[in-house]
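Tertiary structure, described
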Amino acid sequence: MAFSTNGAPGSDRLSSEINVAPLIDVLLVMLIIFMVIVPVMPRGLNTALPATASAGDEAPDSPILVEVEQGAVTVRYSINGIEVEKTRMAPGLAELVSRRPGRRMVLKADAKLDFAVIAGVIDAGRAAGAESIGLWTPGADAPSR
């Protein structure tokens, strides 16, 4: 009980002492639950860090660099430094991705672009067979090619 009487059985005086036994039981049950849940929880995201390569060498499994820039009038697309038209981008990506065992692509896009343009390039990369597509953030070093 939460209250107990002090003194003789006929005494009307109540003591407000907390019965700690049920609280300890609840604490132990919660401890067991947390001990079971913690090893099951995910620890983080799986990431693949790019390997560094020497300056002049192009590794066969290096990622394909796709650059999208906002021009004065139109959007310019380039694959590995070679400018291509939007209609030739998907076949060009498919050809390059099929020759690379890593099937990785890195997208460098201009900050002024509409997201629909960037999403279209990502969709073209997925359709070409790229297994992983990275986004190159402004201020980052160039990816190893």
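Residues numbered from 1 in each chain as written. Predicted model: local features only at pLDDT ≥ 70, side-chain atom pairs only at ≥ 80, totals over all residues. Heavy atoms only, no water.

1. Overview of the overall build of the protein
Put simply, the rule is: Secondary structure elements are taken from DSSP: a helix is a run of H or I of four residues or more, a strand is a run of E of two residues or more, and numbering for both begins at the N terminus. Exposure categories follow from relative accessible area, calculated using a 1.4 Å probe and restricted to protein chains: below 20% of the type maximum is buried, above 50% is exposed, and the middle band is partly exposed. By the convention used here, residues are in contact when the closest approach between their heavy atoms is within 4.5 Å. In short, Shrake-Rupley with a 1.4 Å probe defines the accessible areas, and a residue's cover is counted only from the protein chains shown.
Across its full length, the protein holds three helices and seven strands. Its helices and strands taken in sequence order, the protein reads β-β-α-β-β-β-α-β-α-β from the N to the C terminus. Within the protein, the proportion of its 145 residues that are buried is 21%. A separation of at least 24 residues holds for 61% of the contacts in the protein among residues at least 6 apart in sequence. Put simply, the protein shows about 10900 Å² of open surface, and 62% of that area lies on carbon and sulfur atoms.

2. Thoughts on the packing of helix H2 (residues 86-99) against helix H3 (residues 115-128)
The angle between the axes and the distance between the axes are what describe a pair of packed helices. Threshold: Between N-to-C directions, angles cover 0 to 180 degrees, with each direction set by a line fitted to C-alpha atoms, over the stretch in contact for helices. The cut-offs work like this: below 35 degrees is roughly parallel, past 145 is roughly antiparallel, 65 to 115 is roughly perpendicular, and the gaps in between are oblique. What makes a crossing left-handed is the near helix being turned counterclockwise from the far one by less than a right angle; a clockwise turn instead makes it right-handed. The nonpolar class holds Ala, Val, Leu, Ile, Met, Phe, Trp, Tyr, Cys and Pro. Asp, Glu, Lys and Arg form the charged class, and all remaining residues, Gly among them, are polar.
The contact between H2 and H3 brings their axes to 8 Å, and the two run at 45°. The angle between H2 and H3 places the two elements in the oblique class. Along this stretch, H2 crosses H3, giving a crossing that reads as right-handed. Together, Met89, Ala90, Leu93, Ala94 and Val97 of H2 and Val121, Ala124, Gly125 and Ala128 of H3 make up the contact between the two elements. Of the residues in the contact of H2 with H3, the class split is eight nonpolar, one polar and no charged.

3. Describing the packing of aromatic side chains
Stated formally: We call Phe, Tyr and Trp rings a pair once their centres come within 6.5 Å, taking the six-membered ring for Trp, and we label the pair stacked below 30 degrees between planes, edge-to-face above 60, and tilted otherwise. Any Lys NZ or Arg CZ found within 6 Å of a ring centre and within 35 degrees of that ring's normal is scored as a charge over the ring.
Under the defined criterion, the tally for this structure stands at zero aromatic pairs. Here the guanidinium or amino end of lysine 108 rests over the ring plane of tryptophan 136, the centre of that ring lying 4.4 Å away.

4. Some remarks on the pairing of strand S4 (residues 75-79)
Spelled out, the test is: For two strands to pair, DSSP has to find at least two bridges joining them.
In this sheet, S4 lies alongside strand S3 (residues 64-70) in antiparallel orientation, the contact comprising five bridges. Paired with glutamine 70 across the two strands is valine 75, which belongs to S4. Two elements, S4 and strand S5 (residues 82-84), share three bridges in a ladder whose sense is antiparallel. Paired with isoleucine 79 across the two strands is isoleucine 82, which belongs to S5. Joining the antiparallel neighbours S4 and S5 is a turn of two residues, in which asparagine 80 adopts a positive phi near 50°.

5. Describing the sheet that holds S4
The strands making up a sheet associate through backbone hydrogen bonding, with each pair oriented either parallel or antiparallel. Ordered by their spatial adjacency, five strands build an open sheet running S5-S4-S3-S6-S7, and the pairing between neighbours is mixed. The sheet terminates laterally at S5 and strand S7 (132-135), the two strands that pair on one side only. Along the sheet, successive strands turn relative to each other by an average axial angle of 25°, direction set aside. The sheet contacts of H3 involve S3, S4, strand S6 (104-109) and S7, and relative to S6 the element is tilted by about 165°.

6. Here's the deal with the environment of isoleucine 79
Positionally, isoleucine 79 belongs in strand S4. Owing to a relative accessible area of 6%, isoleucine 79 belongs among the buried residues under this scheme. It is 7.7 Å that separates the C-alpha atoms of isoleucine 79 and leucine 93, two residues lying 14 residues apart in sequence. Discounting residues that sit within four places of it in the chain, isoleucine 79 has contacts with Ile64, Leu65, Val66, Val84, Met89, Gly92, Leu93 and Leu96.

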